Amino acid sequence: MPIEISDKTIKHEFIERVSQLSGQDIFMCFQCGTCGGGCPMSGQMETLPRRIMRMAQLGMEEDVTNSGTSWTCASCHTCTANCPRGVDLAKVMEAVRLLTLRKNINMIDPSGLSAEMVRDLPQIALVSCFRKLTS
Ligand code: SF4
């Protein structure tokens, strides 16, 4: 399915910020799809990583940040190990998450968790969750 560019303005600032934060040359990606093929979470992703990379190359900030892909990413680095172009995709996903969190948008509200949930969930999972999903 072709990518539809909803906002015709290429956001060069978004491309630069993703590149700076991730330390990756996102234009190295040639959309081979190897990353998504080995990703243990790809079945849960509405948009596969190679598509996210293409949208990032096109500066489609809203489409990239509104996608749940970066939040579904488990940061396991399988994609990074498999990428034939040497792109550390896990770092790109982290950059996309950071750009969202820096707008003070939290993906989880700690105060919204019930006392039972806080009691029952593994503490390390909660800490990891807060570090990854809150600004
Ligand atoms: Fe792009 Fe690398 Fe993923 Fe291939 S494996 S689509 S080159 S990021």
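Use the structure listed above.
What you see is a predicted model, and the numbers here were worked out from it, not measured in a lab.

About the criteria used
- By convention here, each chain's residues receive numbers from 1 onward along its written sequence.
- Whole-chain, interface and lining totals are the exception, using all residues; otherwise, since this is a predicted model, local features are given only for residues with pLDDT of at least 70 and side-chain atom pairs are given and counted only at 80 or more.
- Values shown for side chains rest on all heavy atoms present in the structure; no hydrogens or waters enter the calculation.
- Simply put, an axis is a line fit to the C-alpha atoms, just over the touching stretch for a helix, and the angle between two N-to-C directions goes from 0 to 180 degrees.
- By the criteria applied, helices consist of DSSP H or I runs no shorter than four residues and strands consist of E runs no shorter than two, each listed in order from the N terminus.
- For classification, angles of less than 35 degrees are called roughly parallel, those exceeding 145 degrees roughly antiparallel, those between 65 and 115 degrees roughly perpendicular, and all remaining angles oblique.
- Crossings are sorted by hand: turned counterclockwise from the far helix by less than a right angle, the near helix makes the crossing left-handed, and turned clockwise it makes it right-handed.
- The contact criterion used throughout is that any non-hydrogen atoms of two residues lie within 4.5 Å.
- Nonpolar residues are Ala, Val, Leu, Ile, Met, Phe, Trp, Tyr, Cys and Pro. Charged residues are Asp, Glu, Lys and Arg, and all others, Gly as well, are polar.
- Only buried residues count toward a nonpolar core, which is a set of Ala, Val, Leu, Ile, Met, Phe, Trp, Tyr and Cys residues joined through side-chain atoms within 4.5 Å.
- Relative accessibility thresholds used throughout: buried, under 20% of the residue-type maximum; exposed, over 50%; partly exposed, between the two (1.4 Å probe, protein chains only).
- Under this definition, polar contacts are N or O atom pairs within 3.5 Å; protein pairs additionally need one hydrogen-donor-capable and one acceptor-capable atom, and for neighbouring residues in sequence, both atoms have to be side-chain atoms.
- Any carboxyl oxygen of Asp or Glu that lies within 4 Å of a side-chain nitrogen of Lys or Arg is treated as forming a salt bridge with it.

### Regarding the packing of helix α1 (residues 12-22) against helix α7 (residues 89-101)
Running from N to C, α1 and α7 cross one another at 120 degrees; their axes reach a closest spacing of 8 Å. The pairing of α1 with α7 is recorded here as oblique in orientation. In the packing of α1 onto α7, the handedness of the crossing is right-handed. Of α7, the residues touching α1 (which contributes Phe14, Arg17, Val18, Leu21 and Ser22) are Lys91, Val92, Ala95, Leu98 and Leu99. Tallied by class, residues from the contact of α1 with α7 come to seven nonpolar, one polar and two charged.

### Digging into the nonpolar core
Core analysis: the largest hydrophobic core is formed by 26 residues, its most contacted members being Phe14, Val18, Ile26, Met53, Val64, Leu89 and Val92. In terms of residue count, the dominant contributor to this core is α7 (seven residues). In contact with Phe14, other than residues within four places in its own chain, are Ala56, Gly59, Met60, Glu61, Val64, Thr65 and Leu99. By size, the runner-up hydrophobic cluster in this structure holds six residues, among which are Trp71, Leu101, Ile108 and Leu126.

### Observations concerning the side chain of Thr69
Residue placement: Thr69 occurs in helix α5 (residues 69-72). Taking the relative accessible area as the measure of exposure, Thr69 reaches 1% and is therefore buried. Within the structure, Thr69 has its side chain in polar contact with the backbone oxygen of Thr47 (distance 2.5 Å). In this view, Thr69 contacts Met45, Thr47, Ile52 and Met93; residues no more than four positions away in its chain are not counted.

### Thoughts on the pattern of salt bridges
Counted according to the given criterion, the structure contains six salt bridges. Residue Glu62 is joined to Lys11 by a salt bridge in which the shortest nitrogen-to-oxygen separation is 2.6 Å. Of the two residues, Glu62 is situated in helix α4 (residues 61-66) and Lys11 in the segment before α1; the sequence distance between them amounts to 51 residues. Here Glu62 falls in the partly exposed class, since its relative accessible area comes to 33%. Since its relative accessible area comes to 22%, Lys11 is described here as partly exposed.

### Concerning the side chain of Ser22
Looking at the element boundaries, Ser22 is found in helix α1. For Ser22, a relative accessible area of 6% puts it in the buried group. Here the side chain of Ser22 touches Ser19 through a polar contact of 3.5 Å, landing on its backbone oxygen. Separated by 3.1 Å, the side chain of Ser22 and the backbone nitrogen of Gln24 make a polar contact. Apart from the residues lying within four places of it in its own chain, the contact partners of Ser22 are Lys91, Val92 and Ala95.

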